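Coordinate analysis (summary)
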Amino acid sequence: QQQVRQSPQSLTVWEGETAILNCSYENSAFDYFPWYQQFPGEGPALLISILSVSDKKEDGRFTIFFNKREKKLSLHIADSQPGDSATYFCAASGASGSWQLIFGSGTQLTVMP
Amino acid sequence: GGIITQTPKFLIGQEGQKLTLKCQQNFNHDTMYWYRQDSGKGLRLIYYSITENDLQKGDLSEGYDASREKKSSFSLTVTSAQKNEMAVFLCASSLDRNTEVFFGKGTRLTVV
C-alpha cells in the first residue's frame with residue numbers, strides 16, 4: 001500500500017517555465033510534508049517543507065500548495081533552470097507519533113535549456 | 001555544518017553473504033536512519049534509532065539487522081545477500097521528529 005503517491009514519474013520543461021510536481025497521501029494524520037531534491041550520486045537534500053496547518057509555503061522560486069481536504073499537495077518551481085534537473089521526492093510524517101518519514105517514488109525533472 | 005559519512009561507497013557481495021554497512025555523523029543528532037533506495041521506488045525505511053542503544057524497525061526490516069553502537073554511528077547488516085540484488089542504502093540523521101533529515105551519499109550494493 002503506497003501511502004504517498006507522486007505524479008508524474010518524469011517531467012520535462014523548458015528553461016523559464018514553471019514545473020508542477022504533484023503529491024497525494026492517504027493518512028489524514030500526516031502533518032509534516034517535506035520535499036527533497038536528489039542529484040545523481042548524491043543523497044536527497046531538503047528543499048522546502050510545509051506543516052498541515054498552512055496551505056502555502058514559499059522559498060524563492062519554490063512554492064508548496066497544500067490542500068488538506070483533498071489530501072494533495074504540489075511543488076511549483078518557477079523560472080525553472082537547467083540546474084534544477086534532479087529527482088524530487090515528496091514525503092510525509094507525523095501519523096500517530098510515528099517517527100517514520102514516508103517517501104513517494106519521486107518525479108524526475110529535466111529542464112531543457 | 002555537519003556531514004554523514006557512509007562506508008564503503010560501493011559493495012559487491014556474493015549470494016548468502018553477510019554484509020555490513022557503516023555510517024558516521026558529526027551533527028550530534030539523536031536520531032539516525034537507514035533507508036533503502038531502489039530505482040523508481042523512492043526510499044523505504046529499514047531501521048531507525050532515536051538514541052544510543054535504541055533500535056526501531058521500519059517497514060523493510062526483514063533480512064536486516066542494525067546496531068547503534070554510539071550516538072555518532074549506526075551500522076546496518078544485510079543478514080543474507082540476495083542474488084541480483086541492487087540497491088542504494090542511505091544513512092540519515094535528524095535532531096528530532098519533523099525536523100530536517102540529512103542524508104549521506106549512500107552505499108551502492110551489488111550482489112553477484
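Use the structure listed above.
Heads up: these notes are all about the structure in this document.

Rules used in this analysis
Note on numbering: residues in each chain are counted from 1, in written sequence order. Here chains are named by letter from A upward and ligands by number from 1 upward, in the order in which they appear as written. Local features in this predicted model are restricted to residues whose pLDDT is 70 or higher, and side-chain atom pairs enter the listing and the counts only when it is 80 or higher, whereas totals over whole chains, interfaces and linings include all residues. In computing side-chain values, all of the structure's heavy atoms are included and hydrogens and water are not. Pairing between strands requires that DSSP locate at least two bridges from one strand to the other. Helix numbers and strand numbers start at the N terminus; a helix is a DSSP run of H or I with at least 4 residues, a strand a run of E with at least 2. Note on geometry: axes are C-alpha line fits, over the in-contact stretch for helices, and angles between N-to-C directions span 0 to 180 degrees. Only a pair of cysteine sulfur atoms within 2.5 Å counts as a disulfide in this structure description. Buried residues are those whose accessible area, probed at 1.4 Å on protein chains only, stays under 20% of the maximum for their type, while exposed residues exceed 50% and partly exposed ones sit between those limits.

All names here are of chain B. Taken together, four strands build an open sheet; the order of strands is 1-3-8-7 and the sheet is antiparallel. The open sheet has two free edges, formed respectively by strand 1 (4–7) and strand 7 (64–70), since each of these has just one partner strand. Strand-to-strand twist in this sheet, taken as the mean axis angle between neighbours without regard to direction, amounts to 20°. Note that strand 3 (residues 19–25) and strand 8 (residues 73–78) share four bridges and pair antiparallel.

Okay, unusual backbone geometry next. A cis amide bond links S7(A) with the next residue in sequence, P8(A), at an omega value of -10°. In this fold, P8(A) is placed in the loop between strand 1 (4–7) and strand 2 (10–14). The backbone of N28(B) sits at a positive phi, close to 65°, despite the residue not being glycine. For N28(B), the position within the fold is in the loop between strand 3 and strand 4 (31–37).

For the coordinates displayed, the defined rule picks out two disulfides over all chains. Covalent S-S linkage joins C23(A) and C90(A), the inter-sulfur distance amounting to 2.0 Å. Taking the sign of the S-S torsion, -70° for the link of C23(A) and C90(A), the bridge is left-handed. Of the two residues, C23(A) is situated in strand 3 (residues 19–25) and C90(A) in strand 9 (residues 86–92); the sequence distance between them amounts to 67 residues. By the burial criterion, C23(A) is buried, and C90(A) matches it. The disulfide bridge from C23(B) ends at C91(B), spanning 1.9 Å between sulfur atoms. The S-S bond linking C23(B) to C91(B) shows a torsion near -75°; that makes this disulfide left-handed. Highlighted residues: C23(B) in strand 3 and C91(B) in strand 9 (residues 86–94), separated in sequence by 68 residues.

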